[in-house]
Amino acid sequence: MRRPYIPHPVHLTLLACGLAAAFNASAAPYHYVDWTAANIAGGTASGVITLPDASTVNVGFSATFASGAPGNLYGAQTIGGTNYWNPATPYVSAQVDNAPPTPDILQLSGGQSQIYTVTLSAPIKDPVMAIVSLGQPNVPTTYDFDAPFAIVSQGVGYWGGSGTSLTQLPGDILRGTEGHGTIQFLGTFSSFSWTVPTPETWHGFTFGIRTTEALEPGNPVPEPASLALIGVALLGCVVARKRRAGD
């Protein structure tokens, strides 16, 4: 009778290294908006994202009421200021390799019945939104999006919070209780919008992209499930090789 195979410690080490390499390889550098102008009273902002090939994507932001009348921003940083993206830990994950590199940020005050819209000059695959201080421990605050997303990272940020301060709710809703982290929109977008029903002040955000649909058509960023499949495949390789050696 053939004895059941028990992996050798060396094989387990190789498997762990392979999994770690696959996990780390999936993270990609993201390029964030350089916000160049903001009209706080008029609720608009504009900026540009520059990719490694020197191509650019123009980004616009607007706050409006349902009537179409202009809304407002709570604040904005377009040149210097406090770096609310420090520490970087809440913004780094298996999908996103880096936090926003500059203090640029747009700030909102919720509960004003405004619609916040971001427009992009080119179709963008799986853009990310980095968020600072969504809600307070005793004031849960929501972003109600018009597009599906996934939370890809969170943690203790500039104003505190924890690794569970952001929660994804049904209906494309993100809830924060002092949430710092990054969400990733799933798909290709030229525009998306959200509302903030809760009257809480303030919370901030910016956006980043990995590439554009024109540069890499039909080649999405690996999802966490793909990493799990890689791990299963590596384990299968180790077992198969051992069995062949014992035949």
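See the structure shown above.
This section reports on the structure supplied with the text. Values in this document were obtained by computation on a predicted structure and should not be read as measured data. (Residues numbered from 1 in each chain as written. Predicted model: local features only at pLDDT ≥ 70, side-chain atom pairs only at ≥ 80, totals over all residues. Heavy atoms only, no water.)

## Regarding the side chain of Arg210
Then, number 1: Mapping Arg210 onto the fold places it in the loop between strand 15 (201-209) and helix 2 (224-246).
Then, number 2: Here the side chain of Arg210 touches Glu216 through a polar contact of 3.3 Å, side chain to side chain. (Helix = DSSP H or I, 4+ residues; strand = E, 2+ residues; numbered from the N terminus. Polar contact = N/O pair within 3.5 Å; in protein donor to acceptor, adjacent residues only side chain to side chain.)

## Regarding the nonpolar core
Then, number 1: Core analysis: the largest hydrophobic core is formed by 35 residues, its most contacted members being Phe61, Met129, Tyr143, Phe185, Trp194 and Phe207.
Then, number 2: Residue contributions to this core peak at five residues, all from strand 7 (residues 114-125).
Then, number 3: The residues contacting Tyr143, other than those within four sequence positions of it, are Leu108, Met129, Ile131, Leu134, Asp172, Ile173, Leu174, Trp194, Thr195, Val196, His203 and Phe205. (Core = buried A, V, L, I, M, F, W, Y, C linked by side-chain atoms within 4.5 Å. Buried < 20%, exposed > 50% of the residue type's maximum accessible area, 1.4 Å probe, protein only. Contact = heavy atoms within 4.5 Å.)

## Looking at the pattern of salt bridges
Then, number 1: Within the structure shown, the criterion is met by one salt bridge.
Then, number 2: As a salt-bridge pair, Arg210 and Glu216 come within 3.3 Å of each other at their nearest N and O atoms.
Then, number 3: Classification of Arg210 by relative accessible area gives buried; the value is 19%. (Salt bridge = Lys/Arg side-chain N within 4 Å of Asp/Glu carboxyl O.)

## Structural notes on the side chain of Gln184
Then, number 1: Within the secondary structure, Gln184 is located in strand 13 (residues 179-185).
Then, number 2: For Gln184, a relative accessible area of 2% puts it in the buried group.
Then, number 3: Polar side-chain contacts of Gln184 include one of 3.0 Å to the side chain of Tyr30.

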